[in-house]
Amino acid sequence: MDHNHTLSRRHFAGAALIATGLVATGGIARAAAPAQTAGGPIGPFYPILRPGDDDFDMTMIKGNSGRALGRVIEVTGRVLDRKGNPVSGSELEIWQCNAAGRYAHPGDIATAPLDPNFQGYARLMTGPSGEWRITTIKPSGYDSPIGHRTPHIHFDIKGRQHRLITQMYFSEDHATNSKDALYNELGEDAVTAMAAQAAADRYRWDIVLAEG
Ligand SMILES: [Fe+2]
């Protein structure tokens, strides 16, 4: 086991306590059920053209020497059920626009340029503790037929019993989040779709499925 792996295991263990909402009551700790992550529309840009590389590092494409434009970020998290149990072996498909706000999708009529070094799509399986990780760039907001979209990353999660399609948002984008129609539709559930900023370029987001 390498050093980085040990560190991330510890990191994930800490997150589990947060995700399960460990509550101390009269000296006795009890775990509150974590809130189920809110779902949302798949959107018009689910990738039909695959980049030829779908690993966790979306900032580089195998065979290219360059790296994607934009602020490199890491997002980590776990897939859990509503009892807080990890859901190992979940399949995650993840996609997003580039730093200029363009999807590598024939249906995207945005005039912002494509980035030949941006993978834009990843397909992962969660590990034994339900953990997953991506390295990517912070997506831009973009104009759409339903108004300006605030920065977000799309997720399609297939657990053992439950599939969830949703979008992850960033708390630092409070001003534009509050003007985004899809974000506002979530109401109080928006908290379940919000990544926590763990460091300048590191975010954490746990995904809670209905039945795991
Ligand atoms: Fe989108």
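Residues numbered from 1 in each chain as written. Predicted model: local features only at pLDDT ≥ 70, side-chain atom pairs only at ≥ 80, totals over all residues. Heavy atoms only, no water.

A.B. asks: Before we go on, may I ask you to explain the environment of Thr166 in this structure?
C.D. replies: Here Thr166 lies in strand E10 (residues 163-170). By relative accessible area, Thr166 is classed as buried at 2%. With residues up to four places along the chain from it excluded, the contact list for Thr166 reads Thr37, Ala38, Gly39, Gly40, Ile153, His154, Phe155, Ile157 and Trp205. Engagement of the side chain of Thr166 in a polar contact is seen with the backbone oxygen of Ala38, the distance being 2.7 Å. (Helix = DSSP H or I, 4+ residues; strand = E, 2+ residues; numbered from the N terminus. Buried < 20%, exposed > 50% of the residue type's maximum accessible area, 1.4 Å probe, protein only. Contact = heavy atoms within 4.5 Å. Polar contact = N/O pair within 3.5 Å; in protein donor to acceptor, adjacent residues only side chain to side chain.)

A.B. asks: So what exactly am I meant to see when it comes to the nonpolar core here?
C.D. replies: Most often, soluble globular proteins keep nonpolar side chains buried together rather than apart. With 25 residues, the main nonpolar core has Leu92, Ile94, Trp132, Phe155 and Ile207 as its most contacted residues. Looking at this core, the elements that each hand over two or more residues are strand E3 (72-80), strand E4 (91-95), strand E5 (121-125), strand E6 (131-137), strand E9 (152-158) and E10. Leave out the neighbours within four places in its chain, and Ile94 touches Met58, Gly120, Tyr121, Ala122, Leu124, Ile134, Ile153, His154 and Phe155. Judged by nonpolar contacts, the second largest core, of seven residues, contains Ala38, Tyr169, Tyr183 and Leu186. (Core = buried A, V, L, I, M, F, W, Y, C linked by side-chain atoms within 4.5 Å.)

A.B. asks: How should I be thinking about the coordination of the iron ion in this particular structure?
C.D. replies: Taken together, Tyr103 (OH), Tyr142 (OH), His152 (NE2) and His154 (NE2) make up the full set of protein donors to the iron ion, lying 2.0 to 2.2 Å away. Every donor counted, the four donor atoms about the iron ion form angles of 92 to 164° at the centre, which fits irregular coordination. Counting gaps between the donor residues of the iron ion yields the pattern Y-x38-Y-x9-H-x1-H. Separated by ten residues along the polypeptide, Tyr142 in strand E7 (residues 142-144) and His152 in strand E9 bring together distant segments of the chain. For the pair shown, Tyr142 and His152 are each scored as buried. (Donors = N, O, S within 2.8 Å, 3.2 Å for Na, K, Ca; no water. Tetrahedral: all angles 85-135°; square planar, octahedral: opposite > 155°, others 65-115°.)

A.B. asks: Please clarify how the pattern of salt bridges should be interpreted in this entry.
C.D. replies: A pair can form between side chains of opposite charge whenever their charged atoms are brought close. In this structure the tally under the stated criterion is 16 salt bridges. Of the charged contacts, one joins Glu172 and Arg71 as a salt bridge, the two residues approaching to 2.9 Å between their closest N and O atoms. A residue pair is termed long-range when its members are at least 10 positions apart, and Glu172 in the loop between E10 and helix H2 (174-177) and Arg71 in the loop between strand E2 (28-31) and E3 qualify at 101 residues. Classification of Glu172 by relative accessible area gives partly exposed; the value is 32%. A relative accessible area of 32% means that Arg71 is categorised as partly exposed. Between Asp173 and Lys138 there is a salt bridge, with its nearest N and O atoms 3.1 Å apart. (Salt bridge = Lys/Arg side-chain N within 4 Å of Asp/Glu carboxyl O.)

A.B. asks: Just checking my understanding: could you explain the side chain of Gln119 for this structure?
C.D. replies: Relative to the assigned elements, Gln119 resides in the loop between E4 and E5. Polar side-chain contacts of Gln119 include one of 3.3 Å to the backbone oxygen of Asp53.

A.B. asks: Mind showing me how you'd approach the pairing of strand E11 (residues 194-199) here?
C.D. replies: Looking along a regular strand, one sees side chains alternate from face to face of the sheet. Bridge count for E10 against E11 is two bridges, and the pairing is parallel. Paired with Tyr169 across the bridge in E11 is Met194. Counting the residues that bridge the hairpin from E11 to strand E12 (residues 202-204) gives two residues. (Pairing = 2+ DSSP bridges.)

A.B. asks: Help me out: how do you make sense of the side chain of Glu131 in this one?
C.D. replies: Tracing the backbone shows Glu131 in strand E6. A polar contact is formed between the side chain of Glu131 and the backbone nitrogen of Ser129, at a distance of 2.8 Å.

A.B. asks: Sorry, what's going on with the confidence of the model for the chain here?
C.D. replies: Any region with low pLDDT has predicted coordinates that should not be read closely. On average, residues of the chain carry a pLDDT of 89, and 85% of them reach 70 or more. Segment residues 1-27: pLDDT under 50, and 34 contacts once partners within four positions in sequence are set aside and those in other chains are kept. (pLDDT = per-residue confidence, 0-100.)

A.B. asks: What exactly am I supposed to notice about the packing of aromatic side chains here?
C.D. replies: Both the distance between ring centres and the angle between the ring planes are used here to describe each pair of aromatic rings. Within the structure shown, the criterion is met by eight aromatic pairs. Both rings, one in Tyr46 and one in Trp95, keep their centres 5.0 Å apart while their planes meet at 90°; by these two values the pair is edge-to-face. With a gap of 49 residues between them, Tyr46 in the loop between E2 and E3 and Trp95 in strand E4 connect regions that are remote in the sequence. Judged by relative accessible area, Trp95 falls into the buried class, the value being 1%. Arranged with centres 5.3 Å apart and planes meeting at 65°, the rings of Trp132 and Phe155 form a pair that is edge-to-face. In this pair, Trp132 is assigned in strand E6 and Phe155 in strand E9, connecting sequence segments 23 residues apart. Note on accessibility: Trp132 and Phe155 belong to one class, buried. Over the ring of Phe170 we find Lys138, and its NZ or CZ is 4.7 Å from the ring centre. (Phe/Tyr/Trp six-rings, centres within 6.5 Å; stacked < 30°, edge-to-face > 60°. Lys NZ or Arg CZ within 6 Å of the ring centre and 35° of its normal.)

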